[in-house]
Amino acid sequence: TTQKRNELVHIVDNRVDVFQILSRQRPPALSGDDRIAMSPKESMYSWHLSLRVDRPVEGCNVRPHAYMYGKKLDDRDSGQNHNKVCREPPPNHEFSYRWFRGPAVEYCAYEGCPRRTSFSPHEWSKHALGGSGCSLQCVSTQSSLYKSTFCNAPCFVKAWKTQYTVERDVPQARSSTPLRRRTGSYVEDDDARSVGSTNSARSGMSSNYNAPGTPREISVNGPKTPSDLPKGYSNEYGGGQSEEWVEISNAQFYVPHADDVGRKLKLEAAAYSVESGELLMHRVVKTDLVLSRTPDPEKRNLVTAKSAAGGGARFRIVTYNILAEIYATQQQYPYADLWSLSWDFRFQNIIREIVDVGPDIVCLQEVQADHYESHLYNAMHEAGFEGVYKQKTRQSMGLTGKVDGCALFWRRTKFHLIESYSIEFNELAQRQVTTVMGLNPRSEEGASILNKLSKDNVAQLVVLELAQQSMASRTNRDPINQVCIANTHLYSNKDCPDVKLWQTLHLLQELDTFVMARGTNLPLMICGDFNSTPESAVYDLLSRQAVHPGHPDVNIADDNAPNVLPDIMSITHSHMLSSVYLSVLGEEPKFTNYTQQFKGVLDYMWYSTQNLRPLSAAPIPEESVLTRHGDALPSTQYSSDHIMQISDMQCL
């Protein structure tokens, strides 16, 4: 046996030598016969092209996620089948795309199913489908429902009650068990070998498991593009397919419209060498069916406060944590559909929700830096707003712009910007250690304090002036025409209430200096996500100007962490503040953040009581409303895990 093995190795080595002598150009992909002829010392690479598309929704930009890469093979991979094996990793390449619209298909045979006629995202979420994400097909040849497809198990069960026996000249199927298929995997012909992208959030599932709404990939061993055809062309769409699949675009991105609703899209991506123009690989995916535009958000009614007549200028203000894309993951929100977490889907809902309430001032948190530039600012500007942005002071999470921050907008016809100022709590911590405490930031004590306080949070301050200023009157000889707005997002860790209190204290101290330098009668509002409940020391400091010495948030015993708070008597400020929702509704809401992990109040709007008063506030929707289209937030109706707060204010 050893002798035969040695002879075989000698033959293989000779074949490799001959092949290398004859081949002076870049070697082509190897067939299965050629693979055994390679020397074990020579590096080999398997090429892969990954292509994924989020579920398309009318009016929402659909962007392909295409990525080509090479994997270096070792001895363990020699016996496995690979898409394409070459002696070199993939060269520099670019992609071309072609989009196709599919034929109309009946997706549920049960006549009572609302999804036969409605393609609303609310009807097609896994919450509405019962969480199964599976379609089923009847394979019983003796049933009147033979080959009928149903969107989920409940529809199949209901339809089965109406079925009857039919005599057919069809060979008996091996099993009468209904064929289970993932939603969106209805395939014919060229897509019969589709496989789905794995979902790492699903523990215990096989590697071929697909979350509802994920597209199906076509095996790359399918039809190849002939070299003499135009770039990006695939012959699998020629001939008889042309009447069913219609080419609709060759751009990289595609925005579905009304004609696409209720149909599937097909995307072909082809990778070409930048240097030679050679076709390297291509892949095709089918999307799930295109859903219609999300219905308009429900109107939020305002509750009017009891207040005296008269007063000065009025304005409507909102605060909203819109949930940055970098945090909107399936791991964090497993109850939400993957496609409903995508930024392109959520952005359309969020911007409509904001504009629909007709605000004059908008305070937003968790605004991703790249989305502010590419989406939010342009949309708000078109709606009549101007704005400023301040991102957190940490580095981006991966690509440029993948860091969140705060954005503040004002209606151009209502206000003009007078001043804009930002606060970086990291900078305040540095000043605290070096100037106030007199410590060396590189010393053990100084570094420990900086490490605990440097959490990258920020705040924004603006002074806005009324575009149409109020004139002096007999009852108001010195009308207020300016207002100061602060917008912030405090540290989120529930185990660090002392850090949040420190941030709040220093924000208020900065506001003391800022407001006092501009006159004692400048109205002030502080809005944002404080990541603190009404029982916290943060809430006490804002509402009562002090914190009780016995409060647990200021009595944290941790020998391994430094004390960052000053003496309890020094934790105070000079602002007379009150909560808008407490003043109007008599109590804080039950929640402003509603997820499966946490339900409670974290967001507030505070106002200076001596020169402002709230006229109204929009109550937070009841739980039955919030869970109508999802187990928790975010859902297809509410695209953030927070609920927007709305109030009408008036200068005194």
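Since the structure is predicted, the reported quantities are computational estimates derived from the model, not experimental observations.

Enquirer: Please provide a residue-by-residue account of the confidence of the model for the chain, values included.
Expert: Predicted confidence across the chain gives a mean pLDDT of 84, with 79% of residues reaching 70 or more. Under a pLDDT of 50 for its full length, residues 31-37 has, in the predicted model, 11 contacts with residues more than four places off or in other chains.

Enquirer: So what's going on with helix α4 (residues 153-160)? Which residues, and what values?
Expert: Each turn of an α-helix holds 3.6 residues, which means side chains three or four residues apart point in the same direction. By the burial criterion, the buried members of α4 are C155, F156 and A159. Burial along α4 is one-sided: seen end-on, the buried residues are contained in an arc of 100 degrees. Each element contacted by the buried residues of α4 is listed here: β6 (149-150). If you check the start of α4, you find a side-chain oxygen 3.1 Å away from the backbone N of C155, and it comes from N152.

Enquirer: Go over the side chain of D404, please, and point to the residues and values.
Expert: Locating D404 in the fold gives a position in strand β17 (residues 404-411). D404 gets classed as buried once you look at its relative accessible area, which sits at 0%.

Enquirer: Account for the packing of aromatic side chains, naming residues and giving values.
Expert: In this structure the tally under the stated criterion is 20 aromatic pairs. Considering the side-chain rings of Y372 and Y377, the 5.8 Å spacing of their centres and the 55 degrees angle between planes classify their relative orientation as tilted. Here a set of aromatic residues connected by ring pairs shows up, and it is made of Y372, Y377, Y389 and F409. A cation sits over an aromatic face here: R518 above F514, 3.7 Å from the ring centre.

Enquirer: Kindly report on the sheet that holds strand β26 (residues 612-617), identifying the contributing residues and their values.
Expert: Judged by pairing direction, the sheet is mixed, and its seven strands sit side by side in the order β13-β26-β27-β14-β15-β17-β16 without closing on themselves. At either margin of the open sheet sits one strand with a lone partner, and together these are β13 (303-304) and β16 (385-391). The sheet contacts of helix α6 (residues 369-382) involve β15 (361-368), β16 and β17, and relative to β16 the element is tilted by about 165 degrees.

Enquirer: Help me get a handle on the side chain of N457, residues and values and all.
Expert: With respect to the element layout, N457 can be found in the loop between α8 (444-453) and β19 (458-466). Within the structure, N457 has its side chain in polar contact with the backbone oxygen of L490 (distance 3.5 Å). Other than its neighbours up to four places away in sequence, N457 contacts K392, I423, E424, F425, H489, L490, Y491 and Q503.

Enquirer: Got a sec to walk through helix α9 (residues 497-516)? Specific residues and values, please.
Expert: Along its 20 residues, α9 runs 28 Å from first to last C-alpha, staying within 8% of the 28 Å computed at 1.5 Å per residue. The element α9 is largely enclosed, with a buried count of 17 among its 20 residues.

Enquirer: Can you break down the pairing of strand β5 (residues 134-137) residue by residue, with the values?
Expert: The two faces of β5 match: C134 and L136 on one face and S135 and Q137 on the other face are all buried. Where β5 and β6 come together, two bridges link them in antiparallel fashion. In the strand pairing of β6, L136 is matched with F150.

Enquirer: Can you tell me about the packing of helix α7 (residues 425-436) against α9, naming the residues and giving the values?
Expert: Here α7 crosses α9 at 90 degrees, and the two axes come no closer than 11 Å. What the angle tells us is that α7 and α9 run roughly perpendicular. Contact residues: α7 offers F425, L428, A429, R431 and Q432, while α9 offers W502, Q503, H506, L507 and E510.

Enquirer: Describe the sheet that holds strand β18 (residues 415-424), listing the residues and the values that go with them.
Expert: Read from one edge of the open sheet, six strands run β18-β19-β20-β21-β25-β22, paired in mixed fashion. Where the open sheet ends on each side, the last strands, each with one partner, are β18 and β22 (577-579). With strand direction ignored, the average angle separating the axes of adjacent strands in the sheet is 20 degrees. Pairing of β22 with strand β25 (residues 603-608) involves three bridges; the strand directions are antiparallel. Directly across from L577, in β25, lies its bridge partner S608. Contacts from α7 reach β18, β19 and β20 (482-489) within the one sheet, and its direction differs from that of β18 by about 50 degrees.

Enquirer: I'd like to hear about the pattern of salt bridges, residue by residue, with values.
Expert: Per the stated rule, a full pass over the model turns up 23 salt bridges. Its salt-bridge partner being R394, residue D404 comes within 3.1 Å of it at the nearest N-O pair. Note that D404 is positioned in strand β17 and R394 in the loop between β16 and β17, a separation of 10 residues in sequence. In this structure, R431 engages E510 in a salt bridge whose closest nitrogen and oxygen atoms are separated by 3.3 Å. A residue pair is termed long-range when its members are at least 10 positions apart, and R431 in helix α7 and E510 in helix α9 qualify at 79 residues. R431 sits in the partly exposed class, given a relative accessible area of 38%. Overall, the relative accessible area of 15% leaves E510 in the buried class. Through salt bridges with shared partners, a single ionic network connects R293, D296 and R352.

Enquirer: Requested: an account of the pairing of β19, with residues and values cited.
Expert: Burial analysis of β19 places nine of its nine residues in the buried class, which makes it a mostly covered element. Burial along β19 is two-sided: V458, Q460, V462, L464 and L466 and A459, L461, V463 and E465, pointing in opposite directions, are all buried. Sheet topology places β18 next to β19; nine bridges connect them, and they run antiparallel. Opposite H416, over in β19, you have E465 as the bridge partner. Where β19 meets β20, seven bridges bridge the pair, whose relative direction is antiparallel. What sits directly across from L461, in β20, is A486.

Enquirer: How would you explain the environment of M68 if you had to name every residue and give the values?
Expert: Within the secondary structure, M68 sits in strand β2 (residues 64-72). Given the relative accessible area of 5%, M68 is considered buried. Excluding residues within four positions of it along the chain, M68 makes contact with W47, H48, L49, P90, H93, F95, A271, L280 and M281.

Enquirer: Describe the nonpolar core, listing the residues and the values that go with them.
Expert: Among the nonpolar cores identified, the biggest contains 64 residues, and F315, I317, L364, L376, I485 and M525 are the most heavily contacted of them. When residues no more than four places from it in sequence are discounted, the contact partners of I485 are I317, I361, C363, L408, Q460, L461, V462, L464 and M525. In this structure, L461, C484, L542 and V547 belong to the second largest nonpolar core, which totals 41 residues.

Enquirer: Any chance you could break down unusual backbone geometry for me, citing the residues and the numbers?
Expert: Here the amide bond leading from L633 into P634 is cis, since omega sits at 0 degrees, within 30 degrees of zero. Residue placement: P634 occurs in the loop between α12 (623-626) and β27 (645-651). Here the phi dihedral of L323 falls at roughly 65 degrees; this positive angle occurs in a residue that is not glycine. Mapped onto the elements, L323 comes out in the loop between β14 (314-321) and α5 (343-356). Even without a glycine there, the phi angle at Q545 is positive, about 70 degrees. Tracing the sequence through the fold places Q545 in the loop between α10 (537-544) and β22. On the accessibility criterion, Q545 (22% relative accessible area) is partly exposed.

Conventions we followed
Residues numbered from 1 in each chain as written. Predicted model: local features only at pLDDT ≥ 70, side-chain atom pairs only at ≥ 80, totals over all residues. Heavy atoms only, no water. pLDDT = per-residue confidence, 0-100. Contact = heavy atoms within 4.5 Å. Buried < 20%, exposed > 50% of the residue type's maximum accessible area, 1.4 Å probe, protein only. Helix = DSSP H or I, 4+ residues; strand = E, 2+ residues; numbered from the N terminus. Arc of directions from axis to C-beta. Polar contact = N/O pair within 3.5 Å; in protein donor to acceptor, adjacent residues only side chain to side chain. Phe/Tyr/Trp six-rings, centres within 6.5 Å; stacked < 30°, edge-to-face > 60°. Lys NZ or Arg CZ within 6 Å of the ring centre and 35° of its normal. Pairing = 2+ DSSP bridges. Axes fitted to C-alpha atoms, helices over the stretch in contact; angles between N-to-C directions. Expected span 1.5 Å × (residues − 1). Parallel < 35°, antiparallel > 145°, perpendicular 65-115°, else oblique. Salt bridge = Lys/Arg side-chain N within 4 Å of Asp/Glu carboxyl O. Core = buried A, V, L, I, M, F, W, Y, C linked by side-chain atoms within 4.5 Å.

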